[in-house]
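Structural description and commentary
Spelled out from the first residue to the last, the chains are:
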Amino acid sequence: MKFRRLASGVTGKVSTTQFARLPGELGGLLSRYGVISLKKIFSDVSDHSVVRYSSLLKRDVFVPDLYDWSVLEAPPSIDVEQFAESLKSEPLIEYAGPDYLSRVLETTPNDPDFSQQWHLKNTGQTGGTAGADVKATFAWDRTTGSSAIKIAILDTGVSKTHADLAANRIAGYDYIDDDADPDDTEGHGTHVAGIIAAEGDNGASTTGLMWRAAVMPVRVCGGAGCPDSAIAGGLQYAADNGAKVINMSLGGTTDDPAVKAAVDYAVGLGALVVAAAGNDGNETPFYPAAYSDVIAVCATDYKDQLASFSNRGNWVTLCAPGKDILSTAKGGGTALMSGTSMACPMVAGAAGLILSRSPSALASSVRDLLTAGADNINAQNPTLVGKLGAGRLNVLKSASNAPDVVVFSDNPNDRFVQNGYALNAFSVQISSDFAPPQVRIFLTDQFNRELGAGNTVSFTVTGQVNVAGGVQLGNISINYPLASQVKLRITLDDTVFVTTRDLVVWDFRELNVIPAGGEAAVWNGVFDPTQAGKATVRLTLKNAGRVKIQVFTTDATLVKTVADEDAGVGVRTWSWTGRSERGETLASGLYLIRIRAPGINETKKAILVK
């Protein structure tokens, strides 16, 4: 809701018990409607951000005043729409409406057999696990492919008469009959082609990962099998004719040097080569999938479990559905087939979707996106950890961009911070493929432990791509005596991805006056002596007497006596710069600091890092 003018002084979230302290008529209004809480939607707009963008654009920048927008928590069991209509009649309120939930958009084709293609959208229709699919319907909201992307299929050929493939099939070659007519003689290649690029949303039969593509049939297999010489020649043909992706749902356990040379040739010309991991149900390397530059694909079922027939091993790149896959058949219509031969073209089709969005992307970048976007399925396959590559293909993640930080600025821009330090203003500009993400900004130390009490920075906002604020550091040395760095960290959650970035990393330096903490503490216990770092021993002495502070290696070798003197009552500090008695900088590692003083007999740790 938006107030016509929200009284000044309202910050953060205000609950029922605090309504009476709100200025003007606001508290009475909220109480009268039984509101449970009021929360401002936007953080305060930073004048620094506006000035910075004005300077950058060399013109005045005008932004709307966001202060008056809030979200109310309505009483339970109330009709929210009627509640909003009632609020609109109030003089203080300019707008009121439900806080609607956004969702990731899906695109569903009108092909009649799509509902049987569980690998594209698994609703449990085959007795499997809902969601154990490649998330194609969500990816199609971003791209359905491009006829400019050539996908070569090295197989038994591709039917030239199938109505669901005709629009996406281009010229190819037949290395078995040595002619330019790579029609399918066995049916395997046609099934593979349909998984990649059966025309989608045309009201006929099934759909492929890519609704539009340029499928290049290269026949390298006949009734007797797939000769290595034909595979090698087919690889060269595909690469020479501009294939961006080469699918090979074939292979064997023999490492043939001619095929390896052809793979290297195709990769060298920028093609992404994808191959089936094999159907022997073992871990024996299967070629060409097992070559390091080839994406090796194993097969999963409709419960995200590895299919019993599928090979697996530490040479596998990732998995994709491969059991009972419905796709195009040689004589027309459709057929069910199983195998890593069916899983492989799903990865090839996903690569095609990525290239449809980013045609100039390098094959190595596409490979990285495919593996980074995969879903971890170790929980469904506990005995196969480390043998399923990156996990099961997720086209949505692989073909989408994770939210990220586009621009970050801070004022002041300092290298060092200390207790009491104030970062007056920072601003973050965020990119997101999906709905504006939930944004959380917070502080951690160098061990990635979140800094809590006494440190003022806590931003959690939803639906924003511009966030601004400030930071105030509290007594970190008391709560985190080993702290030598402080990080301003951001997490972005757009319901598909969670991105974490460190916006700024400060070195943490000691104060002129060390605040009193425990009776004995080592502050800045992780330090770099080559950068003027040092560990500080702080003692709170209740009685005067002798103080002895010594530094030992972990094998009890004395390397430095920091103090051996009389000291009076009060807070006293001594520093160790990481040097030995002879003044030499010691090696990186863990050191023990022995402290003996009136009422104190302790051993602390320090870590020297160079």
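Parameters and conventions
Here the residue numbering is sequential within each chain, running from 1 through the sequence in written order. Local features in a predicted model are, by the rule used here, given only for residues with pLDDT of at least 70; side-chain atom pairs are given and counted only at 80 or more, and totals for whole chains, interfaces and linings are based on all residues. Note: side-chain values were computed over all heavy atoms of the structure, leaving out hydrogens and water. Between rings of Phe, Tyr and Trp, where Trp is taken as its six-membered ring, a pair exists when centres lie within 6.5 Å; planes separated by under 30 degrees are stacked, by over 60 edge-to-face, and by other angles tilted. By definition here, charges over rings are those cases where NZ of Lys or CZ of Arg is within 6 Å of the ring centre and within 35 degrees of the ring normal. By definition, a salt bridge exists where a carboxyl oxygen of Asp or Glu is found within 4 Å of a side-chain nitrogen of Lys or Arg. Categorising residues by exposure relies on relative accessible area from a 1.4 Å probe, with only protein chains included: less than 20% of the type maximum marks a residue as buried, more than 50% marks it as exposed, and the intermediate range marks it as partly exposed. Secondary structure elements follow DSSP: runs of H or I of four or more residues count as helices, runs of E of two or more count as strands, with numbering from the N terminus. Pairs of cysteine sulfur atoms within 2.5 Å are identified as disulfides in what follows. Residue count minus one, scaled by 1.5 Å, sets the expected span of a helix. Whether two residues are in contact is decided by their heavy atoms: any pair within 4.5 Å suffices. Patch criteria: residues need more than 30% relative accessible area and no salt bridge. Like-charged residues are merged within 9 Å; nonpolar side chains of Val, Leu, Ile, Met, Phe, Trp and Tyr are merged within 5 Å. The method behind every accessible area is Shrake-Rupley, applied with a 1.4 Å probe, and residues are considered shielded solely by the protein chains displayed. Confidence scores per residue from the predictor, reported as pLDDT, run from 0 to 100. Should DSSP find at least two bridges between two strands, the strands are taken to pair. In this analysis, axes come from line fits to C-alpha atoms, helices being fitted only over the stretch in contact, and the angle between any two N-to-C directions falls in the range 0 to 180 degrees. Regarding the arc, it is the one traced by the directions from the helix axis to the C-beta atoms. Each polar contact in these results corresponds to two N or O atoms within 3.5 Å; when the atoms are within protein, one needs to be able to donate a hydrogen and the other to accept it, and residues that are neighboring in sequence are counted only if both atoms are side-chain atoms. Helix crossings get a hand from a simple test, with the near helix turned counterclockwise from the far one by less than a right angle marking a left-handed crossing and a clockwise turn marking a right-handed one. Put simply, Ala, Val, Leu, Ile, Met, Phe, Trp, Tyr, Cys and Pro go in the nonpolar bin, Asp, Glu, Lys and Arg in the charged bin, and everything else, Gly too, in the polar bin. Here, nonpolar core refers to any group of buried Ala, Val, Leu, Ile, Met, Phe, Trp, Tyr and Cys residues whose side-chain atoms link them within 4.5 Å. Small angles under 35 degrees read as roughly parallel and large ones over 145 as roughly antiparallel, with 65 to 115 read as roughly perpendicular and the rest as oblique.

A few points about the packing of aromatic side chains
Under the defined criterion, the tally for this structure stands at 12 aromatic pairs. Following the ring pairs from residue to residue traces out a cluster consisting of Phe-114, Trp-140 and Trp-211. It is Arg-440 that lies over the ring of Phe-442; its NZ or CZ is 4.3 Å from the centre.

So, the pattern of salt bridges
Per the stated rule, a full pass over the model turns up 24 salt bridges. A salt bridge links Lys-135 to Asp-133; the shortest N-O distance between them is 3.5 Å. You can call Asp-133 buried: its relative accessible area is 4%. When the shortest N-O distance is used, the salt bridge between Asp-375 and Lys-397 registers 3.5 Å. With a gap of 22 residues between them, Asp-375 in the loop between α9 (363–373) and α10 (395–398) and Lys-397 in helix α10 connect regions that are remote in the sequence. Residues participating in the shared-partner salt-bridge network are Asp-304, Asp-375, Arg-392 and Lys-397.

Some thoughts on the state of the cysteines
Applying the stated criterion to the full structure yields 2 disulfides. In this model, Cys-298 is linked to Cys-319 through a disulfide, with the two sulfur atoms separated by 2.1 Å. You can see Cys-298 sitting in strand β11 (residues 294–300) and its partner Cys-319 sitting in strand β12 (residues 318–321), a full 21 residues away along the chain. The pair Cys-298 / Cys-319 is uniform in exposure class, with both members buried. Within the protein, bonded cysteines paired by disulfides and numbered along the sequence follow the pattern 1-2, 3-4.

Section: helix α6 (residues 228–240)
For α6, built from 13 residues, the straight-helix expectation of 18 Å at 1.5 Å per residue is met to within 8% by its first-to-last C-alpha distance of 18 Å. Those residues of α6 not exposed but buried are Ala-230, Ile-231, Ala-232, Gly-233, Gly-234, Leu-235, Tyr-237, Ala-238 and Ala-239. Residues of α6 that are buried sit in contact with β6 (145–155), β7 (173–174), β8 (212–219), β9 (245–248) and α7 (257–268).

Focus on a nonpolar patch on the surface
A surface patch of nonpolar side chains, about 290 Å² in accessible area, is lined by Phe-447, Leu-590, Ile-607 and Val-609. Among the secondary structure elements, Ile-607 is positioned in strand β30 (residues 600–608).

Re the environment of Asp-177
Along the chain, Asp-177 turns up in the loop between β7 and α5 (188–197). Owing to a relative accessible area of 47%, Asp-177 belongs among the partly exposed residues under this scheme. On a C-alpha basis, the gap between Asp-177 and Trp-523 in space is 78 Å, while along the polypeptide they are 346 residues apart.

Here we look at the confidence of the model for the protein
Overall, the predicted model of the protein reaches an average pLDDT of 88, with 91% of residues at or above 70. Per-residue pLDDT stays below 50 along residues 511–518; that stretch engages in 18 contacts with residues further than four places along the chain or on separate chains.

A few points about the environment of Arg-357
Its place among the elements puts Arg-357 in helix α8 (residues 340–357). Relative accessible area serves as the criterion here: at 33%, Arg-357 is assigned to the partly exposed category. For Arg-357 and Thr-144, which are 213 residues apart along the polypeptide, the C-alpha to C-alpha distance reads 9.4 Å. In this structure, Arg-357 is in contact with Arg-142, Thr-143, Ala-399, Ser-400, Asn-401 and Asp-433, ignoring residues within four places of it in sequence.

Notes on unusual backbone geometry
Residue Pro-288 is bonded to the preceding Tyr-287 through a cis peptide linkage, with omega at 10°. Even without being glycine, Asp-304 reaches a positive phi, approximately 65°. Within the fold, Asp-304 resides in the loop between β11 and β12. Judged by relative accessible area, Asp-304 falls into the buried class, the value being 6%. Backbone geometry at Thr-495 places phi at a positive 80°, although glycine is not the residue there.

Digging into the side chain of Ser-409
Looking at the element boundaries, Ser-409 is found in strand β15 (residues 404–411). Relative accessible area serves as the criterion here: at 11%, Ser-409 is assigned to the buried category.

Notes on the sheet that holds strand β20 (residues 466–472)
Pairing is antiparallel across the open sheet formed by 3 strands, whose spatial order is β15-β17-β20. Single-partner strands in this sheet number two, and they are β15 and β20. Within the sheet, the average angular offset between the axes of one strand and its neighbour, ignoring direction, is 20°. Across 7 bridges, β15 lies against strand β17 (residues 422–431) in antiparallel orientation. Looking across to β17, one finds that Asp-404 is bridged to Ser-431.

Overview of α7
For α7, spanning 12 residues, the distance from its first C-alpha to its last is 16 Å, which sits close to the expected 16 Å at 1.5 Å a residue. Within the sequence span of α7, burial applies to Val-259, Ala-262, Val-263 and Ala-266. Looking straight down α7, one finds its buried side chains confined to an arc of 105°; they lie on one side. Those residues of α7 that are exposed and aimed more than 90 degrees away from the buried face are Pro-257 and Gly-268. Where α7 is buried, its residues meet α6, β9, β10 (272–276) and β11. The opening residue of α7 is Asp-256, an N-cap whose side-chain oxygen sits 3.0 Å from the backbone nitrogen of Ala-258.

Here we look at the packing of α5 against α8
Across the interface, α5 lies against α8 with an axial gap of 8 Å and an inter-helix angle of 35°. The interaxial crossing formed by α5 with α8 has right-handed handedness. Of the residues in α8, those touching α5 at His-188, His-191, Val-192, Ile-195 and Ile-196 are Ser-341, Met-342, Pro-345, Met-346, Ala-348 and Gly-349. A breakdown of the residues in the contact of α5 with α8 according to their chemical character gives 7 nonpolar, 4 polar and no charged.

Describing the sheet that holds strand β21 (residues 485–493)
Taken in spatial order, the 5 strands make up an open sheet running β16-β22-β21-β18-β19, and their pairing is mixed. A single partner strand is all that each edge strand has here, and the edge strands are β16 (416–417) and β19 (459–462). Relative to strand β22 (residues 498–508), β16 runs parallel, the two sharing 2 bridges. Bridge pairing in β22 places Phe-416 opposite Asp-507.

Things to note about the nonpolar core
In this structure, Val-347, Leu-370, Leu-393 and Val-395 are the most contacted members of the largest nonpolar core, which totals 52 residues. The element best represented in this core is α8, accounting for 11 residues. If we skip the residues at most four places from it in the chain, Val-347 touches Val-274, Ile-295, Val-297, Leu-318, Ala-320, Leu-370 and Leu-393. Counting 40 residues, the second-largest nonpolar core is a separate cluster that includes Ala-271, Val-273, Tyr-287 and Leu-388.

Regarding the packing of α6 against α7
Each pair of packed helices can be described by the angle between their axes along with the distance between the axes. Following both chains from N to C, one finds α6 and α7 inclined at 10°, their axes separated by 8 Å at the closest point. The angle between the axes of α6 and α7 places the two elements in the roughly parallel class. Touching Asp-228, Ile-231, Ala-232, Leu-235, Gln-236, Ala-239 and Asp-240 of α6 are Ala-258, Val-259, Ala-262, Val-263, Tyr-265 and Ala-266, all from α7.

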